Amino acid sequence: MPLTVADIDVLSVFCGADGRHGNTLGVVREGRHHPDRAARQAIAAELGYSETVFVDDPDRGVVDIYTPGQRLPFAGHPLVGAAWLLDLEAVNPPAGEVWVRQDGEFTWITARPEWAPPRTLEQYASAAEVDALPAPPPGEGWLYAWAWEDEAAGRVRARAFPRRGDGIVEDEATGAAALLLTARLGRALNITQGRGSQLITAPGPDGSIEIGGRVRLLTEHAR
């Protein structure tokens, strides 16, 4: 079945405190209408968002995540966005069950660092150096460039560059990379990424990490 604008909700995930910025996410609520993986991949490529989620079971939160060029077992901003949109206590991507909680304006998920795809986490000397990076920087492979803005307060400046040739030059807000950085540093973080997106993280006692952020609806499909 062809996808139309009426079939998709578009969200902004990990918005700043002023409601701006955030990473755009497409959510196809009727995933059963597009069961074939090749068709889903084609839809994600056509939409061109950094990720698109297909909802296979809205009651149990079973979801399938695609970038414009590949399927992902786990990704942070798609799961935060889908959990907020569907108002669920858990979402289930291929990686495993992800618990959800709502806390005021923030939606939180709990996930494990080993679920996140590999990322190169490169520390820079200052936030100004991160800001000055070209998009993308020279090199190959997924780069998460970060620096302390205020180490004592856990405030981080970050930018993310997939460098995978799928049209996403810079990723505005990256939950999986924030998860990995939090696991490496072993402490709660307040990350400003991209143009002004905000991701909040906190390590759990069992090795899991919570990732939280704001979500807003950009366009709503017809119901």
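Structure first, text after, so check above.
Keep in mind it's a predicted model, so treat the numbers as computed, not measured. (Residues numbered from 1 in each chain as written. Predicted model: local features only at pLDDT ≥ 70, side-chain atom pairs only at ≥ 80, totals over all residues. Heavy atoms only, no water.)

Asks: Hey, could you go over the overall build of the protein for me, with residue numbers and the actual values?
Replies: A count of helices and strands for the protein gives 4 helices and 14 strands. In summary, the protein has a C-alpha radius of gyration of 16 Å against a globular reference of 17 Å for 223 residues, a match within 12%. Counting only contacts in the protein whose residues sit at least 6 apart along the sequence, the fraction spanning at least 24 positions is 58%. About 9,700 Å² of surface is accessible on the protein, with carbon and sulfur atoms providing 50% of the total. In the protein, which carries 21 positive and 31 negative side-chain charges, the distance between the mean positions of the two groups comes to 1 Å. (Helix = DSSP H or I, 4+ residues; strand = E, 2+ residues; numbered from the N terminus. Rg over C-alpha atoms; globule rule 2.2 N^0.38 Å. Contact = heavy atoms within 4.5 Å. Areas by Shrake-Rupley, 256 points an atom, 1.4 Å probe, with all protein chains shown as cover. Lys, Arg positive; Asp, Glu negative; His and termini not counted. Charge placed at Lys NZ, Arg CZ, Asp CG, Glu CD.)

Asks: Account for helix α2 (residues 76–86), with residues named and values stated.
Replies: Because the α-helix completes a turn every 3.6 residues, residues three or four places apart line up on one side. Within α2, 10 of the 11 residues are buried, which leaves it mostly tucked inside the rest of the structure. For α2, every residue scored as buried is listed here: G76, H77, P78, L79, V80, G81, A82, A83, L85 and L86. With its phi angle positive at about 55°, D87 sits one or two positions after the end of α2. (Buried < 20%, exposed > 50% of the residue type's maximum accessible area, 1.4 Å probe, protein only.)

Asks: Let's hear about the packing of aromatic side chains: which residues, and what values?
Replies: Geometry of an aromatic ring pair is reported as the spacing of the ring centres plus the angle between the planes. A full pass over the atoms with the stated rule returns 4 aromatic pairs. For the ring pair F106 and W108, a centre distance of 6.4 Å and an interplane angle of 45° mean the geometry is tilted. Accessibility classification places F106 together with W108 in one group, the buried group. (Phe/Tyr/Trp six-rings, centres within 6.5 Å; stacked < 30°, edge-to-face > 60°.)

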